[in-house]
Amino acid sequence: MSFAARVTGPEDARAVGELLRASYPVLMRAAYGEALSAVIEIITRPNPALLESGTFYAAESGEGQMVGIGGWSRERPGDARMEPGLAHLRHFATHPDWCRRGVGRLIYEVCETRARESGIGVLECCSSLNGEAFYAALGFEPFERIDVPMGEGRSLAGVLMRRRI
Ligand SMILES: CC(C)(COP(=O)(O)OP(=O)(O)OC[C@H]1O[C@@H](n2cnc3c(N)ncnc32)[C@H](O)[C@@H]1OP(=O)(O)O)[C@@H](O)C(=O)NCCC(=O)NCCS
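Residues numbered from 1 in each chain as written. Predicted model: local features only at pLDDT ≥ 70, side-chain atom pairs only at ≥ 80, totals over all residues. Heavy atoms only, no water.

Engineer: I'd love a proper account of the packing of aromatic side chains, names of residues and values included.
Structural biologist: Pairs of aromatic rings are described using the distance from one ring centre to the other and the angle between the two planes. Using the criterion set out here, one finds 6 aromatic pairs in the structure. Pairing Phe92 with Phe134 gives two aromatic rings, centres 6.1 Å apart and planes at 50°, and the pair type is tilted. One end of the pair, Phe92, is in strand S4 (residues 86-94); the other, Phe134, is in helix H6 (residues 132-137), and 42 residues separate them in sequence. For the pair Phe92 and Tyr135, a centre-to-centre distance of 6.2 Å together with 75° between the ring planes defines the contact as edge-to-face. Of this pair, Phe92 sits in strand S4 while Tyr135 sits in helix H6, and the two are 43 residues apart along the sequence. We classify Phe92 as buried; its relative accessible area is 13%. Of the residues examined, Tyr135 reaches a relative accessible area of 9% and is grouped as buried. Above the plane of the ring of Trp98 lies Arg101, whose end atom (NZ or CZ) is 5.0 Å from the centre. The ring of Phe143 has Arg162 sitting right over it, with the charged end atom 4.1 Å from the ring centre. (Phe/Tyr/Trp six-rings, centres within 6.5 Å; stacked < 30°, edge-to-face > 60°. Helix = DSSP H or I, 4+ residues; strand = E, 2+ residues; numbered from the N terminus. Buried < 20%, exposed > 50% of the residue type's maximum accessible area, 1.4 Å probe, protein only. Lys NZ or Arg CZ within 6 Å of the ring centre and 35° of its normal.)

Engineer: Describe the site of the ligand, with residues and values.
Structural biologist: In the vicinity of the ligand there are 21 residues, among which Thr94, Gly104, Arg105, Ser128 and Asn130 approach most closely. Within the contact set of the ligand, an oxygen atom lies 2.8 Å away from a backbone nitrogen or oxygen of Gly104. One nitrogen or oxygen atom from the main chain of Arg105 is found 2.8 Å from an oxygen atom belonging to the ligand. Within the complex, the protein chains bury 76% of what would otherwise be the 910 Å² of accessible surface of the ligand. For the shell around the ligand, the secondary structure elements donating two or more residues are helix H1 (13-27), S4, helix H5 (103-117), strand S5 (122-128) and H6. (Near = heavy atom within 4 Å. Polar contact = N/O pair within 3.5 Å; in protein donor to acceptor, adjacent residues only side chain to side chain. Areas by Shrake-Rupley, 256 points an atom, 1.4 Å probe, with all protein chains shown as cover.)

Engineer: So, H1: which residues are in play, and what are the values?
Structural biologist: The first and last C-alpha atoms of H1 sit 21 Å apart over 15 residues, in line with the 21 Å expected at 1.5 Å per residue. Here H1 has its buried residues at Val16, Gly17, Leu19, Leu20, Ser23 and Tyr24. For H1, the angular spread of the buried residues around the axis is 165°, confining them to a single face. Turned more than 90 degrees from where H1 packs its buried face, Arg14 and Val26 sit exposed. At its buried positions, H1 is contacted by helix H2 (29-32), helix H3 (40-43), helix H4 (48-51), strand S3 (66-73) and S4. (Expected span 1.5 Å × (residues − 1). Arc of directions from axis to C-beta. Contact = heavy atoms within 4.5 Å.)

The structure is reproduced here in structure tokens:
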């Protein structure tokens, strides 16, 4: 059950969409219940800017299946605001069949290494409620509970978390 991470490109949009639609409805349901139904179509859309950013990654199995995604950006999700030395983790998802095998951790480690090489000293993430234990295991600490705008007037509860790198 080996896997490795690589940078994504625009040609990955279809596979990324399939992965998001396989992952979020299953893995976020217990934390959000019916509230998830109202936003699921919005939050499982691949983000073309992220895919082309050079700082978004896909983990693939030895058979070439996309099993996880995630990345980072200097722009804050939502308003694209930038602060020197600060970056934001973006759109992490693992296929349900591949959870708890280190896929998310591998992608995070690539993000952390590349961000540090780019002069970033602090990483922030807007975690889903179900993602909080994952980010805590990676060394992130929660600092604010928020309602995350999802676009089209909808929102989901989330947790802002941060760590120095
Ligand atoms: C959060 C998510 C990306 C984690 O992916 P993953 O590949 O399963 O994570 P890893 O296997 O690398 O886990 C690393 C560590 O995080 C912690 N962790 C991961 N998932 C966890 C869970 N559901 N509950 C508790 N701890 C968890 C564990 O400490 C784990 O190490 P261990 O398995 O050795 O104990 C995945 O569950 C997912 O896609 N969730 C749905 C989408 C989502 O909420 N993404 C976050 C958006 S902000």
